[in-house]
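# Notes for the structure review
One-letter residues, chain by chain:
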Amino acid sequence: MMTLKGLLLYYVIAFIAITSCVQAKYRVYNTSQGIVPGKLNVHLVAHTHDDVGWLKTVDQYYVGSNNSIQGACVQNVLDSVIPELLADKNRKFIYVEQAFFQRWWDEQSEAMQHEVKQLVGLGQLEFINGGMCMHDEAVTHYIDMIDQTTLGHRFIKNEFGVTPRIGWQIDPFGHSAVQAYLLGAEVGFDSFFYGRIDYQDRAKRKNEKSLEVVWQGSRSLGSSAQIFAGAFPENYEPPPGGFYFEVNDKYPIIQDNIKLFDYNVQDRVNDFVAAAISQANITRTNHIMWTMGTDFKYQYARTWFRQLDKFIHYVNMDGRVNALYSTPSIYTDAKYASNESWPLKTDDFFPYADRAHAYWTGYFSSRPALKRYVKVMSGYYLAARQLEFYIGRSETGHNTDSLADALAIAQHHDAVTGTEKQHVANDYAKRLAIGYTEAEEVVATALACLVDSPSDNGCGRSTTRFRQCPLLNISYCPASEIDFSNGKNLVIVIYNSLGWKREDIIRIPVANGDVTVFNSEGKIIESQLVPPADAFMDLRDYYVRAYLGRNPMVPPKYWLAFPVSVPPLGFSTYTISSVKRGGGHSIRSSIQTFESSDKSTVEVGQGNLKLIFSSDKSKPINYINNKSLVEESVEQSYSFYPAYNGTNDKAPQNAGAYIFRPNGTFFIKSEGQVPLTVMRGPILDEVHQKINEWIYQVTRLYKGKEHVEVEFIVGPIPVDDGLGKEVVTHITTTLETNKTFYTDSNGRDFIKRIRDYRTDWDLEVNEPVAGNYYPINLGIYMQDVKKEFSLLVDRALGGSSIVDGEVELMLHRRLLLDDSRGVAEALNETDCVLDECKGLTIQGKYYFRIDPIGDGAKWRRTFGQEIYSPPLLAFTEEDGDSWRNSHVTTFSGIDSSYSLPDNVAIITLQELDDGKILLRLAHLYQVLFFFTAILKHLKGSLNYVSSTLFYLKILLVYDFVFCLSINDMFSCI
């Protein structure tokens with residue numbers, strides 16, 4: 001046996017012998033290898049995933065500040081990568097998030113910009129996906145997805161003359177059908193890659209070699225909008241085996257200097273080959289892709305490229321597999337060339353779980369106030385762009401660019417999702433507020449221009465000053481709460497951004513009730529005064545102080561409700577004056593209070609739709625539509641799910657910002673003998689119910705409308721008992737739905753859902769509630785053989801049908817624990833006034849309707865678009881009664897003899913910065929509703945409709961044309 005002294009002497013002699021024979025010299029690594037037919041080709045895709053806000057704000061991530069939270073600096077990434085690409089023409093890198101790249105680009109010299117353009121032209125730097133951010137796919141609206149993608153793509157096209165080819169949604173928490181067909185195939189992408197699919201689904205796909213598929217996301221468009229798509233074997237990081245090479249990573253590098261200790265070339269080559277063969281065993285064809293990077297990597301790019309150079313060099317010398325610098329475009333071309341047949345994927349990849357008891361369905365409802373803010377700003381941005389188009393875009397003054405940028409960033413998969421830290425959520429809201437302020441000026445200026453008497457000089461200098469009410473949702477509108485006793489009139493210009501005439505009911509707060517309402521023709525119209533409930537005034541007082549830092553003025557005495565008729569892409573003017581000046585008057589609502597002990601019934605509704613309540617709430621609401629002859633019992637209730645504390649469980653998983661994991665169900669019953677308050681009038685009827693100290697509900701029916709509006713206040717959710725809570729509302733009917741319901745995909749297609757079932761694999765149910773939750777942007781519906789129940793929402797949230805005949809919506813969440821998915825912060829939103837902090841209160845609405853089977857789609861689509869694009873209200877005051885004689889009172893951007901049909905929506909009318917006009921139209925119906933609705937309602941009504949052909953050209957991001965044909969359904973002509 002050799003002694004320790006002898007062993008050391010042996011290594012010293014060996015080291016001397018090696019160093020005497022080998023001289024250190026500069027090594028040149030051969031990185032020029034391309035695809036080799038007949039070999040396993042490992043496509044090394046160098047990339048970084050840069051969240052546009054998450055633990056830090058977007059600007060903090062860019063400049064690298066606030067590193068006590070996370071050491072991440074995107075500026076360093078781009079500064080570091082470009083020189084490394086210039087150093088070797090074979091190296092390649094992909095980049096995604098244009099919000100960061102545009103910040104960096106603006107800071108570069110002309111010489112550097114020239115070099116970067118050369119890298120793009122040579123294919124060394126490739127822009128993938130190309131949007132301002134990597135948007136979420138669950139709680140984003142398709143219009144926002146298009147807009148933020150367009151913003152990034154136009155920059156790339158203008159600066160580099162190229163268009164991204166590949167969809168790259170590697171981090172969103174589940175993947176939507178709309179993303180696949182509309183933001184994939186219809187955008188013109190050649191392929192679409194994503195990272196997060198259910199752990200059960202992934203395991204099955206690995207066994208079947210079906211991680212890569214042909215995805216047909218649209219039942220209506222079928223194969224005409226399919227795309228080659230692929231999920232990664234695990235995630236978007238390098239494969240197992242230690243292939244991370246950031247400067248501070250712990251994994252072994254290739255040490256190829258034989259003069260030094262720890263020489264390991266063959267060991268690392270063996271690791272590489274083993275990992276490649278392992279992935280090849282679950283992948284079709286002889287091409288596999290390795291995503292060489294992850295979150296905020298390549299901050300010191302030389303460490304990565306040095307190791308990738310070595311791997312390519314030595315692996316190819318070994319010869320068992322072929323390694324090459326590649327991009328998803330090169331990889332896609334190789335897959336296409338293989339002529340392989342691929343499994344077919346339909347529908348979507350929701351819900352997503354990364355392990356048992358860990359369903360990422362909580363974020364569907366996280367931060368509901370932010371979700372609503374994004375939704376409101378999106379609709380406002382659509383209208384503001386139209387008005388900006390009418391008067392011409394300003395390059396030096398106010399424009400809509402700031403709001404466009406804020407909305408684009410807010411679509412990020414850690415923004416509108418509610419999965420960011422609180423200070424980051426505040427930053428998103430701040431950016432939206434700044435963008436709104438700019439766009440508000442555009443709107444006010446445009447309306448002032450349009451209402452002024454036409455002149456040959458265009459707008460000129462208008463003296464009209466319009467005010468708007470962004471806090472109208474909390475009953476605060478100083479512009480409408482004026483004092484009429486001084487002889488002033490209130491002028492309201494109501495703009496309609498829809499392509500069809502709008503008949504609606506407007507509600508505004510007013511300071512007194514002695515008022516008369518006049519329409520654009522100067523005629524008195526019917527109006528109604530509704531006293532505000534204390535719950536809404538309390539909300540107003542607290543949140544005006546929270547938002548504005550001051551006490552609100554004297555609370556309004558009434559809500560003034562009146563009907564309006566507004567032409568498409570235009571406005572109508574309504575004037576409110578004191579009764580003394582105008583004659584006539586608004587009718588005060590009658591108010592009745594029914595005690596629970598009365599045990600009587602209460603009927604509301606003046607038109608076709610009526611609701612019958614029981615005063616003691618012991619019976620369901622009776623829903624009766626005399627026109628459609630539908631009658632149904634409907635029960636509304638509330639409950640909460642206590643959040644699971646999994647710290648001491650065999651399956652340790654808390655509920656948090658991402659994860660929904662309930663621990664039982666607690667139904668909320670009315671506290672004590674709470675009366676039912678009913679308000680009736682000629683315009684609307686309301687039923688007020690105080691559910692408990694922190695839930696208040698108003699059920700509202702409007703004259704001439706055949707749906708029910710439910711307005712709710714939820715919060716602050718009490719957590720004194722140490723339990724986080726997730727609050728849901730239930731709407732229960734007698735429909736026999738057989739576990740089946742339908743939810744929308746990003747506000748477009750409705751997808752069939754079956755409880756405890758997945759189309760692609762045999763589901764092992766471990767979370768019967770959370771595992772059946774789906775994202776809802778537009779609505780949810782269910783049906784049996786006779787009726788269908790439809791419900792539409794005012795913001796993105798999560799929902800399901802956990803019990804047959806019942807829909808539930810998660811309205812609010814307040815949690816006390818983190819769910820260990822990286823954010824490291826409990827979802828416990830609070831608002832503070834001075835030294836008083838309370839849990840967040842949510843105010844919102846949902847709408848429901850019951851129709852004979854097959855008749856609900858028209859309402860879902862048409863009214864859903866009206867929810868997205870509400871009337872825009874602008875207020876000004878006038879002395880005297882001269883407005884009608886000195887101003888334009890009605891306007892439409894469409895010829896008075898024409899309007900778009902209900903199934904066609906204008907989703908963009910915008911003047912671009914190069915002077916070109918962008919017009920986008922959307923067809924709202926799916927193929928299943930095509931004949932029953934389009935032919936039933938539209939045949940012969942349009943100048944481009946005939947008995948044999950109906951088509952609609954839809955302009956998407958780059959003049960992509962989408963055609964609809966009655967003869968050949970959805971093929972292009």
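Residues numbered from 1 in each chain as written. Predicted model: local features only at pLDDT ≥ 70, side-chain atom pairs only at ≥ 80, totals over all residues. Heavy atoms only, no water.

### Here's the deal with the overall build of the protein
Check the secondary structure of the protein and you find 19 helices and 47 strands. If you line up the protein on its principal axes, its C-alpha atoms span 110 × 70 × 65 Å. A total of 973 residues make up the protein; the buried ones form 61% of that total. Counting only contacts in the protein whose residues sit at least 6 apart along the sequence, the fraction spanning at least 24 positions is 75%. Accessible surface, the protein: about 37,500 Å² in total, of which carbon and sulfur atoms supply 51%. (Helix = DSSP H or I, 4+ residues; strand = E, 2+ residues; numbered from the N terminus. Buried < 20%, exposed > 50% of the residue type's maximum accessible area, 1.4 Å probe, protein only. Contact = heavy atoms within 4.5 Å. Areas by Shrake-Rupley, 256 points an atom, 1.4 Å probe, with all protein chains shown as cover.)

### With respect to the UniProt feature "domain: Glycoside hydrolase family 38 central" (unreviewed entry) in the protein
As annotated by UniProt and renumbered to match this structure, "domain: Glycoside hydrolase family 38 central" (unreviewed entry) occupies residues 358-432. Span residues 358-432 is 60% helix and 3% strand, its end C-alpha atoms 32 Å apart. (UniProt positions renumbered as here; feature names shortened; annotations may be inferred.)

### Digging into the domain arrangement of the protein
Per the domain assignment, the segments making up the protein are domain 1 (41-129 + 164-349) and domain 2 (636-868). Computed from C-alpha atoms alone, the centre-to-centre distance between domain 1 and domain 2 is 37 Å. Contact with domain 1, which involves 20 residues of that partner, is made by 18 residues of domain 2. Between domain 1 and domain 2 lies a buried interface of about 1,500 Å² when both sides are counted; carbon and sulfur atoms form 45% of it. When residues of domain 1 are sorted by the area they lose upon contact with domain 2, Trp54, Val178 and Gln200 head the list and together hold 30% of the total. At the boundary of domain 1 and domain 2, one finds three salt bridges. Where domain 1 meets domain 2, there are 13 residue pairs in polar contact (both at pLDDT 80 or more). At the level of elements, α7 (177-185) and α8 (199-208) are the ones that each hand at least two residues to the side of domain 1 that touches domain 2. Its residues assigned to classes, the side of domain 1 that touches domain 2 shows eight nonpolar, four polar and eight charged. (Domains from an automatic or database assignment. Buried area = accessible area lost by both parts, 1.4 Å probe. Salt bridge = Lys/Arg side-chain N within 4 Å of Asp/Glu carboxyl O. Polar contact = N/O pair within 3.5 Å; in protein donor to acceptor, adjacent residues only side chain to side chain. Nonpolar A, V, L, I, M, F, W, Y, C, P; charged D, E, K, R; others polar.)

### Here's the deal with the packing of aromatic side chains
Taken as a whole and judged by the stated rule, the model has 61 aromatic pairs. Look at Phe101 and Trp104: their rings are 5.6 Å apart centre to centre, the planes differ by 45°, and that puts the pair in the tilted class. Placement of both Phe101 and Trp104 in helix α4 (residues 98-106) is noted, with a separation of three residues, approximately one turn of the helix. For the pair formed by Phe101 and Trp104, the shared burial category is buried. Where Trp859 meets Phe863, the ring centres are 5.4 Å apart and the plane angle is 10°; that geometry is what we call stacked. One end of the pair, Trp859, and the other, Phe863, are both in helix α17 (residues 857-868), four residues apart, so they sit about a helical turn from each other. Judged by relative accessible area, Trp859 falls into the buried class, the value being 8%. Accessibility expressed as a relative area gives 14% for Phe863, which makes it buried. Over the aromatic face of Phe349 sits the side chain of Lys345, whose NZ or CZ is 4.3 Å from the ring centroid. (Phe/Tyr/Trp six-rings, centres within 6.5 Å; stacked < 30°, edge-to-face > 60°. Lys NZ or Arg CZ within 6 Å of the ring centre and 35° of its normal.)

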